[in-house]
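What follows is each chain in one-letter form.
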Amino acid sequence: MKNLVLTIVFSLFLTSIAFAQTTINRDPEIKQMVDEISKDNIELYVRKLVSFKTRHNLSTQNDSNLGIGAAWNWIKSEMEKSIPASNGRLSVEFMNYKTGGEKQRIKNEIELKNVIATLKGNDPSDTRIFLVSAHLDSRAFDNSDGNITAPGANDDASGIAAILEMVRIMSKKEFSGTIIFTAVSGEEHGLLGAAHIASIAKTENWNLVAMLNNDMIGNSGSSETLLNDNMRVRVFSEGVPAFETKQMARARAFSSAENDGKARQLARYIKEIGERYVDQLTVTLIYRNDRFGRGGDHTPFCKEGFTAVRICEFNENYDRTHQVVREENGIHYGDTPEFVDYEYVRKNAGINLATLANLASAPYAPQNVGIQMAGLSNSTSLSWEEPENGKKPNGYYVLIRETYQPLWERKIFVKDTQITLPYSKDNYFFAVQSVDVDGHESEIIFPSPTRKNKN
Ligand SMILES: [Zn+2]
């Protein structure tokens, strides 16, 4: 990504000074990609996925027009259309896995497939991976019924449609890091397909920086409370990590970092970058890993220690989700395509694309980010090291917020790899990210306590 306008956003104490203006400079290439996302394409994809009647995990795999097999074949062939435009950087494959058996939700062993599209980065020294996922399977009320109509238009054809648009648009562009787009099966029977990828990522030691799970991103009206809102989307992020060693727990307690885990920082990043590029959409951070007592395809990644969040519509409609398609007392039940808000899916796809493009274009994050512990002081000294891999950063952003604030309030650009600020570390939190000349920011690094003197 070259010849781009410097992208700098100053969030000037937005929460404490309500009317401070925000300067937004967009990378024109990312803006152009976000604008290319087509609501009409999204609707075509959703209706095509619904045409397979069901994508239930136990449905037929051998019919060319019906069932989950037809669905994954079609998704793969749709992704493969982007291979020529990628100059060979895009590869698409099935990832097969065996699942089911005694005491499992699927009683007999079966083989299921995930579809994986990998867009290789253009810098061979850049090993970073950014992964975006949605689930291709569907269900109605009875989760053992593989034959009943289960359109799954919103849950989760909406997410798959967003993935297909991203593959189509992003494959034409080059990024430093690698982007993986996955359409997974097995979600409705225990997050099976996602867990399979997460375990491979762990075993193979992937440098997986961020995982975005899109599950239900197209419903804008609630059941019961009858709210309507296609201007807000939720990003769920865990606070205390599901994967936490005793040592990590001690470090968290020491720094009071229960609201500063990696997933929470990723959620803040998505809010900033998503809202930078997508108009008329507010990203609302939800301080939970997922809905009350529930989980999603990002959860197995969190459990393996990766940074993963869920993107989901603000309002759910329980007359649609997992329902048998029917009319009852004048009410329509079932997850059918006429109730998906395609304009809303377009905007939600946009925050995904902008986040992935910005992350995969950015330099590596700074290394060994430390907050000085030696001595008592009302100033705060931070230091870090230039990343060893990838392109050199143009500089760094030091992020600051008061301890009770949900979002970073100030973003200070520095060229150096250290800074002393007249803010007490008792009253403020700090973090650091790298930035290139075009304004692409790396992920956000929360500092660890250090007693080492930089000089
Ligand atoms: Zn779902």
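Given the structure is predicted, the values throughout are model-derived calculations rather than measurements.

Criteria and cut-off values
Residues numbered from 1 in each chain as written. Predicted model: local features only at pLDDT ≥ 70, side-chain atom pairs only at ≥ 80, totals over all residues. Heavy atoms only, no water. Helix = DSSP H or I, 4+ residues; strand = E, 2+ residues; numbered from the N terminus. Buried < 20%, exposed > 50% of the residue type's maximum accessible area, 1.4 Å probe, protein only. Contact = heavy atoms within 4.5 Å. Phe/Tyr/Trp six-rings, centres within 6.5 Å; stacked < 30°, edge-to-face > 60°. Lys NZ or Arg CZ within 6 Å of the ring centre and 35° of its normal.

A. Region of the structure containing unusual backbone geometry. The omega angle of the peptide bond from aspartate 155 to aspartate 156 is 5°, so this bond is cis rather than trans. With respect to the helices and strands, the residue aspartate 156 is situated in helix α4 (residues 153–170). For histidine 322, which is not a glycine, the phi torsion comes out positive at approximately 60°. By the element assignment, histidine 322 lies in the loop between β8 (308–313) and β9 (326–328). Judged by relative accessible area, histidine 322 falls into the partly exposed class, the value being 22%. The phi dihedral of asparagine 329 is positive, around 50°, even though this residue is not glycine. For asparagine 329, the position within the fold is in the loop between β9 and β10 (331–333). Judged by its relative accessible area of 78%, asparagine 329 is exposed.

B. Here's a closer look at the environment of leucine 266. On the secondary structure map, leucine 266 appears in helix α7 (residues 262–277). Distance in space between the C-alpha atoms of leucine 266 and asparagine 205 is 20 Å, their sequence separation being 61 residues. If we ignore the near neighbours within four places in the chain, the residues touching leucine 266 are Ala210, Met211, Leu212, Thr307, Val309 and Leu359.

C. Main features of the packing of aromatic side chains. One pass over the full model with this rule turns up 7 aromatic pairs. Ring centres 6.5 Å apart and planes at 55° place the aromatic pair phenylalanine 52 and tryptophan 74 in the tilted group. Taken together, the residues phenylalanine 52 in the loop between α2 (39–50) and α3 (67–80) and tryptophan 74 in helix α3 connect sequence positions 22 residues apart. Of the two residues, phenylalanine 52 and tryptophan 74, neither departs from the other in class, the shared state being buried. An aromatic cluster of three or more residues is present, and its members are Tyr45, Phe52 and Trp74. The cationic tip of lysine 76 hangs over the ring face of phenylalanine 94; the distance from NZ or CZ to the ring centre is 5.1 Å. The ring centre of tyrosine 333 lies 4.2 Å from the NZ or CZ of arginine 326, which sits over that ring.

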